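Now for the letters of each chain:
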Amino acid sequence: MNKIVTEGRLDFFDLLKLFAMYLVIVGHCIQYLYDSYQTNPLWLAIYTFHVPLFLIISGFFFHSSNFLNFSYTRAYLKTRFITLIQPCIVVSFILFVILLALNFIFDKRILTVQGGVNILVMDQWFLKSLLLDTIIVVLICSCKRIWIRVMLSLVVVMVLLFYRKLDLWYICETLPFFVFGIGLKKMFFFKIASPWFLLLNIIIFTLLCSGYKISYSSQFTPLNLFSIYIYMYRIVFAISISLIFISLFANLFSLSRGLLLKKIIHFASLGKLTLYIYVIQYLVLERLLCYLHLPIIISPAFNTFVVVPAIAAGIMAMCIIVYKYTLKYPLLSKIVWGIPKTYNKK
């Protein structure tokens, strides 16, 4: 396991995050640049696990100690808020300015009041959901008694299941994966890079596929036994796929040697930028390029498996370039990304 750890980081997780972010951009290209995306096989495949995979990785790196210390907890939550929410606010403001300018230039209602509210509240929902997941887990971990932690966890899940209107950023669908990531670190850390662990998850995934007849758009409201079945099946199915990719990338690092390993580690360093790539691609792809509708070239399959991956690679490279450019100006970087002072872990 030491081969896949450098400077205290799990490098294979960085490479996996980069790969997962690329899949996010591929999925968004299909969703925002083409029609009938909900029947696209690649989009359906990506959307079964890409968000759960990110949440499991986030939970894996969550530090659940020291939350009995109020000063540490406050500093930790402040840091997470700045890191996750400040970029959302700044990018939303930039988008407001752009859309208002287009309103005046083209004399059209491109930006409405309702649209502005949606941009501020609902857009970039993943980062807001991740912050709420973190706050819920921190509050639970700040309780001294185990039985109180268990009761609070059950209350949160039941409230979100029965009152879906409270589930503003899909917390009910994201929290289980975040918590699973925390447990994965504690229970299976030394088994992740085992070929047997990979084989076991492939078998579990194969068995689950035999009964998978639920589309991504399936709803589970109103609450009943079938809706609970859909909810649980989605969670288990997404976890099985995520564990396959986690174990696959861990084995890739374990088997790498010499120059190949150094190149992979160098490439994996870009995985540390996934949060910033996500924010930039939101502005560029989800909000600006979404007005384009690309034509079918040769065939739908060619578009899906050749054109879209090429466009996604270009957008991802552009996001990395834009982020690194902002780092040249400390004040701009501070305003946009909110890079805070490191909080004291002691």
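Procedures and definitions
- Residues numbered from 1 in each chain as written.
- Predicted model: local features only at pLDDT ≥ 70, side-chain atom pairs only at ≥ 80, totals over all residues.
- Heavy atoms only, no water.
- Helix = DSSP H or I, 4+ residues; strand = E, 2+ residues; numbered from the N terminus.
- Buried < 20%, exposed > 50% of the residue type's maximum accessible area, 1.4 Å probe, protein only.
- Phe/Tyr/Trp six-rings, centres within 6.5 Å; stacked < 30°, edge-to-face > 60°.
- Expected span 1.5 Å × (residues − 1).
- Arc of directions from axis to C-beta.
- Salt bridge = Lys/Arg side-chain N within 4 Å of Asp/Glu carboxyl O.
- Axes fitted to C-alpha atoms, helices over the stretch in contact; angles between N-to-C directions.
- Parallel < 35°, antiparallel > 145°, perpendicular 65-115°, else oblique.
- Left-handed = near helix turned anticlockwise from the far one by under 90°.
- Contact = heavy atoms within 4.5 Å.
- Nonpolar A, V, L, I, M, F, W, Y, C, P; charged D, E, K, R; others polar.
- Polar contact = N/O pair within 3.5 Å; in protein donor to acceptor, adjacent residues only side chain to side chain.
- Core = buried A, V, L, I, M, F, W, Y, C linked by side-chain atoms within 4.5 Å.
- pLDDT = per-residue confidence, 0-100.

Visitor: Tell me about the overall build of the chain, and please be specific about residues and values.
Guide: Per the secondary structure count, the chain includes 14 helices and two strands. Taking all 346 residues of the chain together, 46% fall into the buried category.

Visitor: I'd like a rundown of the packing of aromatic side chains, residues and numbers included.
Guide: Inspection of the entire model under this criterion finds 21 aromatic pairs. Ring plane angle 85 degrees and centroid distance 6.2 Å describe the contact between Trp 125 and Phe 126, whose orientation is recorded as edge-to-face. For Trp 125, a relative accessible area of 25% translates into the label partly exposed. Ring plane angle 20 degrees and centroid distance 6.3 Å describe the contact between Tyr 233 and Phe 237, whose orientation is recorded as stacked. Highlighted residues: Tyr 233 and Phe 237, both in helix α10 (residues 225–255), separated by four residues, approximately one helical turn. Given a relative accessible area of 6%, Phe 237 falls into the buried group. Among the aromatic residues, ring-to-ring pairing joins Phe 12, Phe 13, Phe 60 and Phe 61 into one connected group.

Visitor: Report on helix α9 (residues 195–209), specifying residues and quantitative values.
Guide: Along its 15 residues, α9 runs 21 Å from first to last C-alpha, staying within 8% of the 21 Å computed at 1.5 Å per residue. Among the residues of α9, Phe 197, Leu 198, Asn 201 and Leu 208 are the ones counted as buried. The buried residues of α9 all sit within an arc of 100 degrees when viewed along its axis, so they share a single face. Facing away from the buried side of α9 by more than 90 degrees, the exposed set consists of Pro 195, Trp 196 and Leu 207.

Visitor: Which residues make up helix α6 (residues 125–141), and what values go with them?
Guide: Taking 1.5 Å per residue as the helical rise, α6 with its 17 residues ought to reach 24 Å, and the 24 Å between its terminal C-alpha atoms agrees with that figure. For α6, the buried fraction is high: 13 of the 17 residues fall into the buried class.

Visitor: Before we move on, could you go through the pattern of salt bridges and cite the residues and values that matter?
Guide: Tallied over the full model, the rule gives one salt bridge. For Arg 234, the salt bridge identified is with Glu 173, shortest N-O distance 4.0 Å. Highlighted residues: Arg 234 in helix α10 and Glu 173 in helix α8 (residues 171–188), separated in sequence by 61 residues. Given a relative accessible area of 17%, Arg 234 falls into the buried group.

Visitor: I'd like to hear about the packing of helix α1 (residues 11–33) against helix α13 (residues 300–326), residue by residue, with values.
Guide: Between α1 and α13, whose axes approach to 9 Å, the crossing angle comes to 120 degrees. Taken together, α1 and α13 sit at an angle that is classed as oblique. Crossing of α1 against α13: the hand is right-handed. Counted together, Leu 18, Met 21, Tyr 22, Ile 25, Val 26, Cys 29, Ile 30 and Leu 33 of α1 and Val 308, Pro 309, Ile 311, Ala 312, Ala 313, Ile 315 and Met 316 of α13 form the full contact between these two elements. Grouping the constituent residues of the contact of α1 with α13 by class yields 15 nonpolar, no polar and no charged.

Visitor: Tell me what's going on with the side chain of Thr 174, and back it up with residues and numbers.
Guide: Along the chain, Thr 174 falls in helix α8. Residue class for Thr 174 comes out buried when judged on its relative accessible area of 2%. In this structure the side chain of Thr 174 is engaged in a polar contact, spanning 3.0 Å, whose partner is the side chain of Asp 133. Beyond its immediate chain neighbours, meaning those up to four positions away, Thr 174 contacts Leu 55, Trp 125, Ser 129 and Asp 133.

Visitor: I'd like a rundown of the nonpolar core, residues and numbers included.
Guide: Considering soluble globular proteins, one finds that nonpolar side chains tend to be buried as a cluster. Ile 25 and Ile 246 are the most contacted members of the largest nonpolar core, which has 95 residues in total. At 14 residues, α1 tops the list of elements feeding residues into this core. Among all residues touching Ile 25, those that are not within four sequence positions of it are Ile 277, Gln 281, Leu 285, Ala 312, Ile 315 and Met 316.

Visitor: Account for the confidence of the model for the chain, naming residues and giving values.
Guide: Residues with a pLDDT of 70 or more make up 79% of the chain, whose mean pLDDT is 79. Ranking the elements of the chain by mean pLDDT puts strand β1 (residues 5–6) last, at 48, and α13 first, at 91. Overall, residues 1–8 carries pLDDT values under 50, and its contacts beyond four positions in sequence, including any with other chains, amount to 19 contacts. Across residues 340–346, confidence stays below pLDDT 50; counting only partners more than four residues off in sequence or on other chains, it has 14 contacts.

Visitor: Provide a residue-level description of the environment of Ile 264, including the pertinent values.
Guide: Relative to the helices and strands, Ile 264 is located in helix α11 (residues 258–268). Sequence separation between Ile 264 and Phe 12 is 252 residues; the distance between their C-alpha atoms is 8.7 Å.

Visitor: Go over the packing of helix α12 (residues 274–288) against α13, please, and point to the residues and values.
Guide: Here α12 crosses α13 at 115 degrees, and the two axes come no closer than 9 Å. The angle between the axes of α12 and α13 places the two elements in the roughly perpendicular class. In the crossing of α12 with α13, the sense of the turn from one axis to the other is right-handed. On α13, the residues touching Tyr 276, Ile 277, Ile 280, Gln 281, Val 284 and Leu 285 of α12 are Ile 315, Met 316, Met 318, Cys 319, Ile 320, Val 322 and Tyr 323.

Visitor: An account of the environment of Leu 270 is requested, with residue identities and associated values reported.
Guide: Position of Leu 270 among the secondary structure elements: in the loop between α11 and α12. Classification of Leu 270 as buried rests on a relative accessible area of 18%. With near-sequence residues (within four places) excluded, Leu 270 lies in contact with Leu 18, Ile 277, Ile 320 and Lys 324.

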